[in-house]
Amino acid sequence: MLFNSIHFLIFFPIVFVLFFACPHRFRWFLLLCASYYFYMCWKAEYVLLIIASTLLDYFMGLLMGREPTKAGRRKYLIISLIGNLGILFMFKYFNFFNETLRATFTHFNMFYNVPAFKALLPIGVSFYTFQTLSYSIEVYRGNIQPEKHVGIFALYVAFFPQLVAGPIERSQNLLPQFYKKMHLDAGRIVSGLQLILWGMFKKVVIADRLAVVVNMVYGNPYHYQGSSLIIATLFFAFQIFCDFSGYSDIAIGTSQVMGFNLMRNFNRPYHAQSISEFWQRWHISLSTWFRDYVYIPLGGNKTTFSKWIFCIITTFFLSGLWHGANWTFIVWGMLHAVYYLAEKRYAGFTDAIFKFFRIHKIPALQDILRILLTFGLVCFAWIFFRANTISDALYISTYLFTGLREPFIFGNGMGALGITFHDFMISILLLVLMEWVHLIQRFGNIRELFSKKPAWLRWAVYLFLTLCIMNLHALEEIPFIYFQF
């Protein structure tokens, strides 16, 4: 079930009404049934994987709770890790490593005949696996007590707003909320609906329109060069942001309407002035997950310089691999590792350049240049993230600035990109509108600022966004990008 579907438009109001009509003691059961139904709308039998992962970590958590020391709890944590990562490996990574081994053996004329694992990738498997693993790790560390209520724990793993694409919630935040008695709150409901509307606008109106150009160019990049590749790459940068942050907004807004608070997942990432700041603003629930459960346990920045480099490379490698079983994602992760290491190693280099050209005397200009530099590096890395193969990515990066001296004729040029000049300008105006909203967010919570405006203005904005969704949406229903991860 997609958030941007008629199915969800019917599903959620029914769940909302039943949730507040039910006695508090039965609400967890209603939400659990709704969450399993929500997931089963894709492929019903794969709900068994969620149930298996849930039961595994539930019982391992109970067993760890009986052990007073980490040494005693370690064996149960290992069972949890093997079980969950084993499922993730078989469904998501087995064929990737199997084909890599096959190619290696073939290269050396060695026999290799391990068959492929023929099964569809369960949607959202990376998200709910990481969410339930964080629970097991926290119980192992002694930071939380094991959850005794199997139904509440199952709801924590499968809570439908964030089940298939996050945010990846921590048990410390979400589990206690399922025990709270939620009451109807008009202000909270309005705030949640505002976020849902904004998220839907970003996904349906902006991301899906940009997808037309991106899919056209990246689907067959060898027909393009120069300005076409640049436009498609820039459009993908905003497409993936609007698509994924739009999902997060809808998930957070949907939860808020029912009284639950999910963590913020995006914070104007393209306004970051460095790569390290970008990762503090982009997919926050995942970046903090890798920080807390990979980077810091490996030693973090409290180790030798060589080990610190190893920690960074390992973390970004796993981050790239998490996104998909393809070398393109691994290269994407490694590029960000190089960016991060170079930034820390040559921290004063850009400052020296700004000082040499006296740009440091104009703080606003200095900030803009830092933002543009960071955005440029991120966009270059997105080429490998979006490209279908390494060969495609290398071609795009090689011919990105080829033929720029030739005039870009909008009539023919736009046609080659799959859109008209009119649609192209609408897309640009929509991006300007979104960035204007992001600039306003610098001064505080935009929903709080918006709530202080006159009623006529608020309803005019609601009407504008709704009309845009109804009239400027893509002709086909496009799934969220991060569903594939």
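The rules behind the values
Residues numbered from 1 in each chain as written. Predicted model: local features only at pLDDT ≥ 70, side-chain atom pairs only at ≥ 80, totals over all residues. Heavy atoms only, no water. Core = buried A, V, L, I, M, F, W, Y, C linked by side-chain atoms within 4.5 Å. Buried < 20%, exposed > 50% of the residue type's maximum accessible area, 1.4 Å probe, protein only. Helix = DSSP H or I, 4+ residues; strand = E, 2+ residues; numbered from the N terminus. 1 Å grid on protein atoms, 1.4 Å probe; cavity = no way out; pocket = protein on both sides within 12 Å on 5 of 7 lines; lining within 4 Å. Points joined across faces, edges and corners; volume = space filled by probe spheres on them. Nonpolar A, V, L, I, M, F, W, Y, C, P; charged D, E, K, R; others polar. Patch = residues over 30% accessible without salt bridge, like charges linked within 9 Å, V, L, I, M, F, W, Y side chains within 5 Å. Areas by Shrake-Rupley, 256 points an atom, 1.4 Å probe, with all protein chains shown as cover. Salt bridge = Lys/Arg side-chain N within 4 Å of Asp/Glu carboxyl O. Expected span 1.5 Å × (residues − 1). Contact = heavy atoms within 4.5 Å. Axes fitted to C-alpha atoms, helices over the stretch in contact; angles between N-to-C directions. Parallel < 35°, antiparallel > 145°, perpendicular 65-115°, else oblique. Left-handed = near helix turned anticlockwise from the far one by under 90°. Phe/Tyr/Trp six-rings, centres within 6.5 Å; stacked < 30°, edge-to-face > 60°. Lys NZ or Arg CZ within 6 Å of the ring centre and 35° of its normal. Lys, Arg positive; Asp, Glu negative; His and termini not counted. Polar contact = N/O pair within 3.5 Å; in protein donor to acceptor, adjacent residues only side chain to side chain. Disulfide = S-S within 2.5 Å.

On to the nonpolar core. Counting 150 residues, the largest nonpolar core has Y270, W282, W382 and Y482 as its most contacted members. Examining the composition of this core, we find that 17 residues originate from one element, helix α9 (residues 227-258), more than from any other.

A word on empty space enclosed by the protein. Scanning all chains against the criterion turns up two cavities of 30 Å³ or more. In this structure, the largest cavity spans a volume of roughly 50 Å³. In this structure, the largest cavity is lined by F19, H24, R27, W28, L31, L155, Q177, F178, K180, M182 and F260. Its residues assigned to classes, the lining of the largest cavity shows seven nonpolar, two polar and two charged. Within this model, the second largest cavity holds a volume of roughly 40 Å³. Broken down by element, the lining of the second largest cavity gets its largest block of residues, three residues, from helix α5 (residues 125-141).

With that settled, consider a nonpolar patch on the surface. Side chains of I6, L9, I10, I14 and L18 sit close together on the surface and give an oily, nonpolar patch of about 500 Å² of accessible area. Looking at the element boundaries, I10 is found in helix α1 (residues 6-21).

Our next topic: unusual backbone geometry. Not every positive phi belongs to a glycine, and R268 is a case in point at roughly 50°. As for its position among the elements, R268 is in the loop between α9 and α10 (275-281).

Under the criterion given, the structure shown has nine salt bridges. Across the pair R102 and E99 runs a salt bridge whose closest N-O atoms are separated by 3.3 Å. Here the residue R102 and the residue E99 both occupy positions in helix α4 (residues 70-107), the gap between them amounting to three residues, near one helical turn. Accessibility expressed as a relative area gives 22% for R102, which makes it partly exposed. K203 serves as the salt-bridge partner of D243, at 2.8 Å between the closest nitrogen and oxygen. Within this pair, whereas D243 is found in helix α9, its partner K203 is found in helix α8 (residues 186-219), the two being separated by 40 residues in sequence. Neither D243 nor K203 differs from the other in exposure class; each is buried. A single network of salt bridges, built from pairs that share partners, joins R170, R291 and D292.

This part takes up helix α2 (residues 24-40). Spacing of three or four residues puts side chains on the same side of an α-helix, whose turn is 3.6 residues. Taking 1.5 Å as the rise per residue, α2 with 17 residues should run 24 Å; its terminal C-alpha atoms sit 25 Å apart, in good agreement. Along α2, the positions that sit buried rather than exposed are R27, L30, L31, L32, A34, S35, Y36, F38 and Y39. Buried residues along α2 sit in contact with α1, α3 (47-65), α5, α6 (150-158) and α9.

The next thing to look at is the packing of helix α13 (residues 327-345) against helix α15 (residues 363-386). For the pair α13 and α15, interaxial distance at closest approach is 7 Å and the crossing angle is 160°. By the angle between their directions, the pair α13 and α15 is classed as roughly antiparallel. As α13 packs across α15, the resulting crossing turns out to be right-handed. Residue-level inspection shows T328, F329, V331, W332, L335, H336 and Y339 of α13 in contact with α15, the latter providing L377, V378, F380, A381, W382, F384 and F385. Partitioning the contact of α13 with α15 into residue classes produces twelve nonpolar, two polar and no charged.

This brings us to the side chain of R209. Mapped onto the elements, R209 comes out in helix α8. The contacts of R209, once residues within four sequence positions are left out, are V204, D423, I426, S427, L430 and L472.

To continue, consider the packing of α5 against helix α11 (residues 284-298). With their axes 12 Å apart at the nearest point, α5 and α11 run at an angle of 40° to one another. As summarised for this structure, α5 and α11 are arranged oblique, according to the angle between their axes. Viewed along their axes, α5 and α11 form a crossing whose handedness is left-handed. Where α5 abuts α11, its residues F130, L133, S134, I137, E138 and R141 lie against L286, W289, F290, D292, Y293 and P297. Across the contact of α5 with α11, the residue classes tally to eight nonpolar, one polar and three charged.

With that settled, consider the environment of N4. Note that N4 resides in the segment before α1. The spacing of N4 and I368 is 364 residues in sequence and 35 Å in space, taken between C-alpha atoms. Not counting the four nearest positions on each side in its chain, N4 is found in contact with M200, K203, V204, D208, E477, I478 and F480.

Next up on the list: the environment of W42. Turning to its location among the elements, W42 is positioned in the loop between α2 and α3. C-alpha separation for the pair W42 and N388, spaced 346 residues apart in sequence, amounts to 24 Å. Beyond its immediate chain neighbours, meaning those up to four positions away, W42 contacts M1, L2, I123, V164 and F483.

With the rule as written, the count across this model stands at 71 aromatic pairs. Geometry around F19 places R27 over its ring, the cationic atom sitting 4.8 Å from the centre. K92 extends its terminal NZ or CZ atom over the ring of W322, reaching a point 5.3 Å from the ring centre.

Turning our eyes to something else, we now look at the side chain of R188. Mapped onto the secondary structure, R188 falls in helix α8. One buried charged residue, R188, forms no salt bridge at all, with the nearest opposite charge on D185 at 4.7 Å. In this structure the side chain of R188 is engaged in a polar contact, spanning 2.9 Å, whose partner is the backbone oxygen of Q256. With sequence-adjacent residues up to four places away left out, R188 is seen in contact with F20, H183, Q256, V257, M258 and G259.

What follows covers the state of the cysteines. Where two cysteines share a covalent bond between their sulfur atoms, that bond is called a disulfide. According to the stated counting rule, one finds zero disulfides in the structure shown. The thiol of C468 is not disulfide-bonded; the next cysteine sulfur, from C242, is found 13 Å away.

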